[in-house]
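An overview of the molecular structure
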Amino acid sequence: MRAYAFALMIFLVIGLAVPVLAANEERYSYITIQDVGIRLDNESAVIHVNYKVDEGTRFIFFLLGKQDLKNKLMKILNYDDARITRIDLSSADFTVENAALSYGDGIFWYPTHEFNIAIPLLSVSSPQATRNFTMTRVFPSGMGYFAMETRAIPNEIKIAGTPERRPR
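Bear in mind that the values here come from a model prediction, so they are computed numbers and not experimental data.

Criteria and thresholds
- Residues numbered from 1 in each chain as written.
- Predicted model: local features only at pLDDT ≥ 70, side-chain atom pairs only at ≥ 80, totals over all residues.
- Heavy atoms only, no water.
- Pairing = 2+ DSSP bridges.
- Helix = DSSP H or I, 4+ residues; strand = E, 2+ residues; numbered from the N terminus.
- Buried < 20%, exposed > 50% of the residue type's maximum accessible area, 1.4 Å probe, protein only.
- Axes fitted to C-alpha atoms, helices over the stretch in contact; angles between N-to-C directions.

Here we take up the pairing of strand E6 (residues 101-104). Examined bridge by bridge, E6 and strand E7 (residues 107-110) share three bridges and lie antiparallel to one another. Its bridge partner lying in E7, Leu101 is registered against Trp109. In textbook terms, the turn of a hairpin is the stretch between consecutive antiparallel strands, and for E6 and E7 this stretch comprises two residues, one of which, Asp105, has a positive phi near 55°.

This is how it looks when you write it as structure tokens:
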């Protein structure tokens with residue numbers, strides 16, 4: 001009789017432990033993050049998140065709205081001042097003003113940032129470079145970059161050594 005009780009207890013412990021061991025680091029509640037893309041634009045960061053939501057929650061979103069989804073995505077991204085620009089059941093776009101520090105003259109620094117869950121694929125793009133990471137909770141070391149501003153050269157300024165172009 002004791003052998004049956006012991007076997008039953010072992011079975012219950014294994015049954016309770018398996019879901020914990022199978023937990024995904026990229027999952028938060030009913031949301032599973034697929035990838036996050038951050039595009040740096042001067043002092044702002046434009047963030048695009050692709051994710052999956054559990055099938056059972058889709059119907060609830062149609063009835064009650066997406067406010068809980070918005071709150072959970074904000075918690076995952078860990079930006080206090082992020083503004084949602086678009087959201088649906090598979091992706092969302094955010095804008096974070098003043099995400100980067102400005103050193104003047106078009107020089108910016110995007111500092112290290114910690115997310116609240118592991119991001120399977122993180123891509124951070126500046127006008128000069130793109131850095132990619134897999135299964136990370138942190139964008140490490142920060143990233144320096146320059147603003148991309150186009151300046152028109154007035155017609156009166158002639159560049160030495162360039163031939164003058166005539167209309168055809």
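Structure's up, so let's keep going.
Only one face of strand E10 (residues 143-146) is buried, namely the one carrying Met143 and Tyr145, since none of Gly144 and Phe146 on the opposite face is buried. In the sheet, E7 pairs with E10 via four bridges, with the strands oriented antiparallel. If you follow Ile107 over to E10, its bridge partner there is Phe146.

Bringing the sheet that holds E7 into the picture now. Paired through their backbone hydrogen bonds, the strands of a sheet run either parallel or antiparallel. Spatially, E6-E7-E10 is the arrangement adopted by the three strands of the open sheet, whose pairing is antiparallel. Whereas interior strands pair on both sides, the edge strands pair on one side only; in this sheet they are E6 and E10. On average, each strand axis in the sheet is inclined to that of its neighbour by 25°, with strand direction left out of account.

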